[in-house]
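Geometric and topological summary
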Amino acid sequence: NLISVINGYCELLATQVADRAEALHAVGEIHRAGRKAAKLTRQLLAFGRRQPMDARVINLNQVVRDNAEILERLLGSNRHLVLELAGDLGNVRTDPAQIQQVLLNLTINARDALRDQGRMIIRTANREIMPEMHRRLTDSPPGRYVTLTVSDNGSGMDAETQKHLFEPFFTTKPEGQGTGLGLALVYGVVQQSGGYITVHSKPENGSTFDIM
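Every chain's residues receive numbers from 1 upward, in the order its sequence appears when written. Given that this is a predicted model, residues contribute local features only at a pLDDT of at least 70 and side-chain atom pairs are listed and counted only at 80 or more, while totals for whole chains, interfaces and linings are drawn from all residues. Side-chain measures here rest on the full set of heavy atoms in the structure, leaving out hydrogens and waters.

**What about the environment of Val82?**
Short version of the rule: By definition, any uninterrupted DSSP run of H or I lasting at least four residues is a helix, any uninterrupted run of E lasting at least two residues is a strand, and each is numbered from the N terminus. Burial classes follow relative accessibility: with a 1.4 Å probe on protein chains only, a residue under 20% of its type's maximum area counts as buried, one over 50% as exposed, and anything between as partly exposed. What makes two residues a contact is simply this: any of their non-hydrogen atoms within 4.5 Å.
Along the chain, Val82 turns up in strand 2 (residues 80-84). For Val82, a relative accessible area of 27% corresponds to the partly exposed category. When neighbours within four sequence positions are excluded, Val82 is seen to be in contact with Arg119, Met120, Ile121 and Ile122.

And the structure:
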(Lines give C-alpha, C1' and ligand atoms only; values in the text may rest on other atoms or scores of the structure.)
Protein backbone atom coordinates (compact mmCIF):
# COMPACT_ATOMS: atom_id res chain seq x y z
CA ASN A 1 0.00 0.00 0.00
CA LEU A 2 0.95 3.67 -0.17
CA ILE A 3 2.40 3.87 3.35
CA SER A 4 4.60 0.81 2.69
CA VAL A 5 5.94 2.49 -0.46
CA ILE A 6 6.67 5.71 1.45
CA ASN A 7 8.39 3.77 4.24
CA GLY A 8 10.52 1.88 1.72
CA TYR A 9 11.68 4.96 -0.17
CA CYS A 10 12.47 6.87 3.02
CA GLU A 11 14.45 3.95 4.47
CA LEU A 12 16.45 3.82 1.23
CA LEU A 13 17.10 7.57 1.33
CA ALA A 14 18.10 7.38 5.00
CA THR A 15 20.78 4.76 4.30
CA GLN A 16 22.24 6.94 1.55
CA VAL A 17 22.58 10.02 3.77
CA ALA A 18 23.20 8.31 7.12
CA ASP A 19 26.45 10.26 7.66
CA ARG A 20 24.89 13.68 6.97
CA ALA A 21 22.78 14.84 9.92
CA GLU A 22 21.03 17.70 8.10
CA ALA A 23 20.02 15.51 5.17
CA LEU A 24 18.90 12.73 7.52
CA HIS A 25 16.68 15.21 9.35
CA ALA A 26 15.16 16.28 6.00
CA VAL A 27 14.40 12.66 5.15
CA GLY A 28 12.62 12.31 8.49
CA GLU A 29 10.48 15.35 7.71
CA ILE A 30 9.66 13.95 4.26
CA HIS A 31 8.70 10.64 5.89
CA ARG A 32 6.33 12.31 8.36
CA ALA A 33 4.73 14.48 5.67
CA GLY A 34 4.30 11.46 3.40
CA ARG A 35 2.58 9.42 6.09
CA LYS A 36 0.21 12.31 6.85
CA ALA A 37 -0.63 12.64 3.16
CA ALA A 38 -1.23 8.89 2.84
CA LYS A 39 -3.54 8.93 5.87
CA LEU A 40 -5.53 11.85 4.44
CA THR A 41 -5.78 10.08 1.07
CA ARG A 42 -7.18 6.95 2.76
CA GLN A 43 -9.75 9.03 4.62
CA LEU A 44 -10.82 10.86 1.46
CA LEU A 45 -11.20 7.59 -0.42
CA ALA A 46 -13.22 6.04 2.38
CA PHE A 47 -15.42 9.12 2.61
CA GLY A 48 -15.98 9.24 -1.15
CA ARG A 49 -16.58 5.52 -1.67
CA ARG A 50 -19.14 4.91 1.06
CA GLN A 51 -17.87 1.33 0.93
CA PRO A 52 -20.48 -1.44 0.61
CA MET A 53 -21.42 -2.78 4.01
CA ASP A 54 -20.62 -6.32 5.04
CA ALA A 55 -23.66 -6.37 7.30
CA ARG A 56 -24.19 -9.22 9.72
CA VAL A 57 -25.97 -9.82 13.02
CA ILE A 58 -23.61 -8.84 15.83
CA ASN A 59 -23.60 -7.92 19.50
CA LEU A 60 -22.16 -4.46 20.13
CA ASN A 61 -20.86 -5.51 23.55
CA GLN A 62 -18.54 -7.99 21.85
CA VAL A 63 -17.30 -5.38 19.37
CA VAL A 64 -16.55 -2.98 22.23
CA ARG A 65 -14.73 -5.64 24.27
CA ASP A 66 -12.71 -6.78 21.25
CA ASN A 67 -11.49 -3.22 20.68
CA ALA A 68 -11.13 -2.05 24.30
CA GLU A 69 -7.36 -2.60 24.40
CA ILE A 70 -6.62 -0.53 21.29
CA LEU A 71 -9.03 2.19 22.44
CA GLU A 72 -7.18 2.40 25.76
CA ARG A 73 -3.89 2.78 23.88
CA LEU A 74 -5.36 5.55 21.74
CA LEU A 75 -6.50 7.46 24.83
CA GLY A 76 -3.04 7.30 26.40
CA SER A 77 -1.76 6.14 29.77
CA ASN A 78 -2.96 9.25 31.66
CA ARG A 79 -6.61 8.90 30.57
CA HIS A 80 -9.16 6.27 31.51
CA LEU A 81 -11.60 4.10 29.57
CA VAL A 82 -14.74 2.92 31.39
CA LEU A 83 -17.11 0.30 29.95
CA GLU A 84 -20.74 0.19 31.06
CA LEU A 85 -22.26 -2.56 28.91
CA ALA A 86 -25.83 -3.79 29.26
CA GLY A 87 -26.00 -7.47 30.17
CA ASP A 88 -29.19 -8.12 28.19
CA LEU A 89 -28.21 -6.16 25.08
CA GLY A 90 -30.06 -7.04 21.88
CA ASN A 91 -28.29 -7.80 18.62
CA VAL A 92 -28.04 -5.46 15.63
CA ARG A 93 -27.39 -5.92 11.94
CA THR A 94 -24.45 -3.85 10.76
CA ASP A 95 -20.84 -4.04 9.55
CA PRO A 96 -18.53 -4.78 12.53
CA ALA A 97 -15.50 -3.28 10.74
CA GLN A 98 -17.35 0.00 10.24
CA ILE A 99 -18.52 0.03 13.86
CA GLN A 100 -14.87 -0.46 14.85
CA GLN A 101 -14.00 2.62 12.77
CA VAL A 102 -16.74 4.59 14.53
CA LEU A 103 -15.29 3.63 17.92
CA LEU A 104 -11.76 4.57 16.86
CA ASN A 105 -12.81 7.96 15.49
CA LEU A 106 -14.91 8.84 18.54
CA THR A 107 -12.04 7.79 20.82
CA ILE A 108 -9.60 10.04 18.96
CA ASN A 109 -12.11 12.89 19.23
CA ALA A 110 -12.45 12.30 22.99
CA ARG A 111 -8.71 11.99 23.49
CA ASP A 112 -8.12 15.41 21.93
CA ALA A 113 -10.72 16.94 24.28
CA LEU A 114 -9.53 15.26 27.48
CA ARG A 115 -7.10 16.61 30.03
CA ASP A 116 -4.75 14.43 32.09
CA GLN A 117 -6.69 11.89 34.16
CA GLY A 118 -9.73 12.49 31.95
CA ARG A 119 -12.31 9.76 31.38
CA MET A 120 -14.16 8.32 28.40
CA ILE A 121 -17.19 6.08 28.97
CA ILE A 122 -18.66 3.64 26.45
CA ARG A 123 -22.20 2.53 27.28
CA THR A 124 -24.58 0.14 25.57
CA ALA A 125 -28.28 -0.17 26.31
CA ASN A 126 -31.64 -1.20 24.95
CA ARG A 127 -33.99 1.72 24.40
CA GLU A 128 -37.61 2.01 23.37
CA ILE A 129 -38.97 5.26 21.94
CA MET A 130 -42.71 5.57 22.39
CA PRO A 131 -44.91 7.40 19.84
CA GLU A 132 -45.56 10.28 22.25
CA MET A 133 -41.78 10.88 22.47
CA HIS A 134 -41.54 11.59 18.72
CA ARG A 135 -42.35 15.31 18.62
CA ARG A 136 -39.85 16.80 16.20
CA LEU A 137 -38.75 15.83 12.69
CA THR A 138 -35.22 15.41 14.04
CA ASP A 139 -36.32 12.89 16.70
CA SER A 140 -35.65 9.21 16.11
CA PRO A 141 -38.82 7.36 14.98
CA PRO A 142 -40.70 5.30 17.57
CA GLY A 143 -39.39 1.77 18.00
CA ARG A 144 -36.93 -0.44 19.83
CA TYR A 145 -33.25 0.38 19.50
CA VAL A 146 -29.85 -0.78 20.67
CA THR A 147 -27.81 2.26 21.66
CA LEU A 148 -24.08 2.90 21.73
CA THR A 149 -23.04 5.95 23.74
CA VAL A 150 -19.54 7.45 23.91
CA SER A 151 -19.07 10.27 26.43
CA ASP A 152 -16.12 12.15 27.89
CA ASN A 153 -15.52 14.75 30.58
CA GLY A 154 -13.30 16.88 28.38
CA SER A 155 -13.42 20.46 27.13
CA GLY A 156 -16.82 20.18 25.44
CA MET A 157 -18.17 22.26 22.55
CA ASP A 158 -20.32 25.34 22.12
CA ALA A 159 -23.57 25.35 20.15
CA GLU A 160 -22.01 26.86 17.01
CA THR A 161 -19.36 24.13 16.83
CA GLN A 162 -22.01 21.43 17.22
CA LYS A 163 -23.92 22.82 14.21
CA HIS A 164 -20.98 22.00 11.93
CA LEU A 165 -19.57 18.96 13.73
CA PHE A 166 -20.37 16.34 11.08
CA GLU A 167 -19.49 18.49 8.06
CA PRO A 168 -16.57 17.21 5.95
CA PHE A 169 -13.33 19.13 6.59
CA PHE A 170 -14.72 21.03 9.58
CA THR A 171 -12.21 20.98 12.43
CA THR A 172 -11.39 23.06 15.49
CA LYS A 173 -7.85 21.70 15.68
CA PRO A 174 -4.78 23.75 14.73
CA GLU A 175 -3.71 23.65 11.09
CA GLY A 176 -1.96 20.39 10.27
CA GLN A 177 -3.38 18.50 13.25
CA GLY A 178 -6.79 17.47 11.96
CA THR A 179 -8.39 16.63 8.60
CA GLY A 180 -11.98 17.29 9.62
CA LEU A 181 -13.05 13.90 8.27
CA GLY A 182 -13.19 11.77 11.43
CA LEU A 183 -16.68 12.72 12.60
CA ALA A 184 -17.95 13.07 9.03
CA LEU A 185 -16.99 9.41 8.52
CA VAL A 186 -18.76 8.48 11.77
CA TYR A 187 -21.92 10.20 10.55
CA GLY A 188 -21.67 8.46 7.17
CA VAL A 189 -21.30 5.00 8.72
CA VAL A 190 -24.24 5.53 11.09
CA GLN A 191 -26.43 6.87 8.29
CA GLN A 192 -25.45 4.02 5.94
CA SER A 193 -26.33 1.54 8.70
CA GLY A 194 -29.82 3.04 8.96
CA GLY A 195 -29.10 4.50 12.38
CA TYR A 196 -29.19 7.89 14.07
CA ILE A 197 -26.53 9.91 15.88
CA THR A 198 -26.91 12.90 18.20
CA VAL A 199 -24.42 14.90 20.24
CA HIS A 200 -24.89 16.71 23.55
CA SER A 201 -22.13 19.01 24.77
CA LYS A 202 -21.37 22.18 26.67
CA PRO A 203 -18.06 24.02 27.03
CA GLU A 204 -16.03 22.59 29.94
CA ASN A 205 -18.70 19.92 30.52
CA GLY A 206 -17.65 17.19 28.09
CA SER A 207 -19.45 15.63 25.15
CA THR A 208 -21.81 12.69 24.64
CA PHE A 209 -22.41 10.97 21.30
CA ASP A 210 -25.53 8.78 21.16
CA ILE A 211 -25.86 6.25 18.34
CA MET A 212 -28.88 4.03 17.81
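Still to come is the rest of the account.
**Here's the deal with the sheet that holds strand 6 (residues 197-201)**
The condition is simple: Should DSSP find at least two bridges between two strands, the strands are taken to pair. Think of each axis as a best-fit line through the C-alpha atoms, taken over the contacting stretch in the case of a helix, with angles from 0 to 180 degrees between the N-to-C directions.
The sheet built from 5 strands is open, its strands ordered 2-4-5-7-6 with mixed pairing. Each edge of the open sheet is held by one strand with a lone partner, namely strand 2 and strand 6. This sheet shows a mean twist of 20° between the axes of neighbouring strands, independent of strand direction. Here strand 4 (residues 119-129) runs beside strand 5 (residues 143-152); their pairing, made up of 10 bridges, is antiparallel.

**Some remarks on the packing of aromatic side chains**
The line we're drawing: Stacked, edge-to-face and tilted are the three classes for Phe, Tyr and Trp ring pairs, Trp counted by its six-membered ring, which pair at centre distances within 6.5 Å; planes under 30 degrees apart are stacked, over 60 edge-to-face, the rest tilted.
Scanning the entire structure with this criterion turns up 3 aromatic pairs. An angle of 75° between the planes, with centres 6.4 Å apart, marks the rings of Phe166 and Phe209 as edge-to-face. On the criterion of sequence distance, the pair formed by Phe166 in the loop between helix 5 (159-164) and helix 6 (182-192) and Phe209 in strand 7 (residues 207-211) is long-range, its members being 43 residues apart. Each member of the pair, Phe166 as well as Phe209, is classed as buried. An aromatic cluster of at least three residues, connected via ring pairs, comprises Phe166, Tyr187 and Phe209.

**Some thoughts on the nonpolar core**
Rule in force here: For the purposes of this section, nonpolar cores are sets of buried Ala, Val, Leu, Ile, Met, Phe, Trp, Tyr and Cys residues that join through side-chain atoms within 4.5 Å.
By size, the foremost hydrophobic cluster in this structure holds 34 residues, and its most contacted members are Leu60, Leu106, Ile122 and Phe209. Elements with a minimum of two residues in this core: helix 3 (60-75), helix 4 (96-113), strand 4, strand 5, helix 6, strand 6 and strand 7. Residue contacts for Leu60: discarding those within four places in its chain leaves Leu89, Val92, Ile99, Thr124, Val146 and Leu148.

**So, the side chain of Ser151**
What counts here: For the purposes of these results, a polar contact is taken to be a pair of N or O atoms within 3.5 Å, where, inside protein, one atom must be able to donate a hydrogen and its partner to accept one; residues adjacent in sequence count only when each atom of the pair is a side-chain atom.
Among the structural elements, Ser151 can be located in strand 5. Its relative accessible area of 8% is what places Ser151 among the buried residues. Polar side-chain contacts of Ser151 include one of 3.3 Å to the side chain of Arg123.

**Let's talk about the pairing of strand 7**
Most of strand 7 sits inside the fold, with 4 of its 5 residues counted as buried. Note: strand 5 against strand 7, 5 bridges, orientation antiparallel. Paired with Ser151 across the bridge in strand 7 is Thr208. Bridge count between strand 6 and strand 7: 5 bridges; the pairing is antiparallel. Note that in strand 7 the partner of Val199 across the bridge is Phe209. With antiparallel pairing between neighbouring strands as the criterion, strand 6 and strand 7 make up a hairpin whose turn holds 5 residues, including Glu204 at a positive phi of roughly 65°.

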